[in-house]
Amino acid sequence: MLRRPSPSAVRLVAAVALGLALLAGLIMLSARLWVEWQWFEQFDKGQVLLHRWLLQLAAAAFGLAVGLALQRWLMRFWSPGPAAAQERRFALRPLSYAACLTLLALAQLVPLALLLRLAERLLLDPFDPRRLHGLTMLSGVSAPLLLLLVVLAVALLARPRVAPRLVAGMASLATATALGRAWGVWSLALLAPDSGLREPMLQADIAFGLVRFPALAFGLTLLIALVLCHLGAGLWGILARPPQLSDGRFHGFTAAQLLQLRWPLALLALLVACSFWLGRHQLLLSTAGSVPGAGWLDVHLVLPLRTLAAVVAVLTAVALLLPLPRRGIRAPLLAGVSLALLLVPLLEAVLTPALQLLLVKPRELERETPYLARSIRATRAAFQLDDI
């Protein structure tokens, strides 16, 4: 009769396999760095390469520091409270409990897939000219990555405390890798001088839209994905804690757990506010309307809605952190501003095509002529034809 391997033997085999994989990775990395150093040294540019390596290490260290701070929050959130019975809130019945677990699994695996996809692209090409922000990064996900996500989804159910930490750790490593490899994006944003020319809609320097906007959008994508992944991991560890997973219901949060949830939720709301605010500048790069850049509908509908969404997201963060005099006020206040935050982008998605058809199309030449003239002037200035 075959004996089942002991847990200590399984852990030893896993540790040895992980150590060998890390050793192989270090050998490959050392060989690549040596070849790169020798190539730069033949032109006496070793100091330039060393400077670049230090910049990459600093960016990667920043990404790891953010990940470690979120890991510390995860441990505090999971730490057991006093042994005495505590009042619990927001208990979930089986159907809503299953829906919440599904959403939390997606909140961990989708950001992780996005971060791994970013790290993969930047490892292959640190000057990748394609878009490095937004959910479009999930297009073209490879079969090995999909297999990894399926394995992690099963692990979340089998090991509801170990697997979330593994997912969060992988997200932190992917963030550090992407930040380090994207040195060409954020170093250019930091060092590029202003052009002295301002665009007429938001009065921002042209250099902002060309080099700083991509870097800021990239950084926001990384931070939102990392915070969302850790938040989902933390909530999964609480909701799937035995025996709740087998019982098919959640018993509720303690007061201490709800207090610990405020800071990451407020941070996520502030990052979303920055994303909406930055999204206003994305209108200048739009090619979807009748004219390149911002058109009549963008200026009169989309721009005010995105500004409103940023303000509502900031109010959501304030509602989470604001000390309130009476208990029971925060939940309805938070529900109101959160509902408004969801409605604003929904309004943009619904009203934009409808108003384009009803208001812009019948009088398109009249409404879009000023913006078309602005686009022509900008094109002439870009090719230095305005001085002829």
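Now for a quick tour of the structure. Everything numeric here is computed off the predicted structure, so don't read it as measured data.

**Topic: the overall build of the protein**
If you tally the helices and strands in the protein, you get 12 helices and zero strands. What you see in the protein, going N to C, is helices and strands ordered as α-α-α-α-α-α-α-α-α-α-α-α. When each of the 388 residues of the protein is scored for burial, the buried share is 39%. Expressed as a percentage of contacts within the protein between residues at least 6 apart in sequence, the contacts between residues at least 24 apart total 76%. When the accessible area of the protein is evaluated, it comes to approximately 22,900 Å², of which 72% is carbon and sulfur surface.

**A short note on the packing of aromatic side chains**
The description of an aromatic ring pair uses the distance of the two centres, along with the angle that the planes make with each other. Tallied over the entire structure, the rule returns five aromatic pairs. When the ring of Trp39 is compared with that of Phe43, the centres are 5.0 Å apart and the planes differ by 65 degrees; the resulting orientation is edge-to-face. Both rings, one in Phe250 and one in Phe253, keep their centres 4.9 Å apart while their planes meet at 70 degrees; by these two values the pair is edge-to-face. Given a relative accessible area of 2%, Phe250 falls into the buried group. An aromatic cluster is present here, built from Trp39, Phe40 and Phe43 joined pairwise through their rings. Across the ring face of Trp277, the terminal group of Arg280 is positioned such that the distance to the ring centre comes to 3.7 Å. A cation over a ring is seen here: Arg367 above Trp296, with NZ or CZ 4.5 Å from the ring centre.

**Focus on the nonpolar core**
If you look at soluble globular proteins, the nonpolar side chains tend to sit buried side by side. In this structure, Phe77, Phe218, Leu239, Phe253 and Leu261 are the most contacted members of the largest nonpolar core, which totals 63 residues. When residues of this core are assigned to their parent elements, the largest contribution, 17 residues, is made by helix α7 (residues 206-239). With residues up to four places along the chain from it excluded, the contact list for Phe218 reads Leu118, Leu122, Leu132, His133, Ala178, Leu179 and Ala182. Leu301, Val312, Ala313 and Leu341 belong to the second-largest nonpolar core, a separate cluster that totals 15 residues.

**Points about the pattern of salt bridges**
Inspection of every chain in the model, using the stated rule, returns six salt bridges. A salt bridge links Glu348 to Arg306, with the nearest nitrogen and oxygen atoms 3.0 Å apart. Of this pair, Glu348 sits in helix α11 (residues 330-360) while Arg306 sits in helix α10 (residues 296-321); the two residues are 42 residues apart in sequence, bridging distant segments of the chain. Arg306 sits in the buried class, given a relative accessible area of 16%. Ionic pairing is found between Arg363 and Glu366, a salt bridge with its closest N-O pair at 2.6 Å. Here Arg363 falls in the partly exposed class, since its relative accessible area comes to 40%. For Glu366, a relative accessible area of 51% translates into the label exposed.

**Thoughts on the packing of helix α4 (residues 143-158) against helix α5 (residues 162-181)**
Contact geometry for α4 and α5: axes closest at 8 Å, N-to-C directions at 145 degrees. Counting all contacts with α4, which are made through Leu148, Leu152, Ala155 and Leu156, the residues of α5 involved are Ala163, Pro164, Leu166, Val167 and Met170.

**Considering the layout of surface pockets**
Quantified by volume, the second largest pocket comes out at close to 1,800 Å³. Around the second largest pocket, the lining is made up of 36 residues, and of these Leu22, Leu29, Leu123, Leu173 and Thr177 lie nearest the centre. Elements with a minimum of two residues in the lining of the second largest pocket: α1 (7-41), α2 (46-78), α3 (94-124), α4 and α5. No other element matches α1, which puts 10 residues into the lining of the second largest pocket. The residue makeup of the lining of the second largest pocket, split by class, is 25 nonpolar, five polar and six charged.

**Quick look at the packing of α3 against α7**
As a packed pair, α3 and α7 sit with axes 8 Å apart at the nearest point and diverge in direction by 145 degrees. In terms of crossing hand, the pair formed by α3 and α7 is left-handed. Residues Tyr97, Cys100, Leu101, Leu104, Ala105, Ala107, Gln108, Pro111, Leu114, Leu115, Leu118 and Leu122 of α3 form the contact with α7, whose own contacting residues are Phe218, Thr221, Leu222, Ala225, Leu226, Leu228, Cys229, Gly232, Ala233, Leu235, Trp236 and Leu239. Within the contact of α3 with α7, the residues separate by chemical class into 21 nonpolar, three polar and no charged.

The rules behind these values
Residues numbered from 1 in each chain as written. Predicted model: local features only at pLDDT ≥ 70, side-chain atom pairs only at ≥ 80, totals over all residues. Heavy atoms only, no water. Helix = DSSP H or I, 4+ residues; strand = E, 2+ residues; numbered from the N terminus. Buried < 20%, exposed > 50% of the residue type's maximum accessible area, 1.4 Å probe, protein only. Contact = heavy atoms within 4.5 Å. Areas by Shrake-Rupley, 256 points an atom, 1.4 Å probe, with all protein chains shown as cover. Phe/Tyr/Trp six-rings, centres within 6.5 Å; stacked < 30°, edge-to-face > 60°. Lys NZ or Arg CZ within 6 Å of the ring centre and 35° of its normal. Core = buried A, V, L, I, M, F, W, Y, C linked by side-chain atoms within 4.5 Å. Salt bridge = Lys/Arg side-chain N within 4 Å of Asp/Glu carboxyl O. Axes fitted to C-alpha atoms, helices over the stretch in contact; angles between N-to-C directions. 1 Å grid on protein atoms, 1.4 Å probe; cavity = no way out; pocket = protein on both sides within 12 Å on 5 of 7 lines; lining within 4 Å. Points joined across faces, edges and corners; volume = space filled by probe spheres on them. Nonpolar A, V, L, I, M, F, W, Y, C, P; charged D, E, K, R; others polar. Left-handed = near helix turned anticlockwise from the far one by under 90°.

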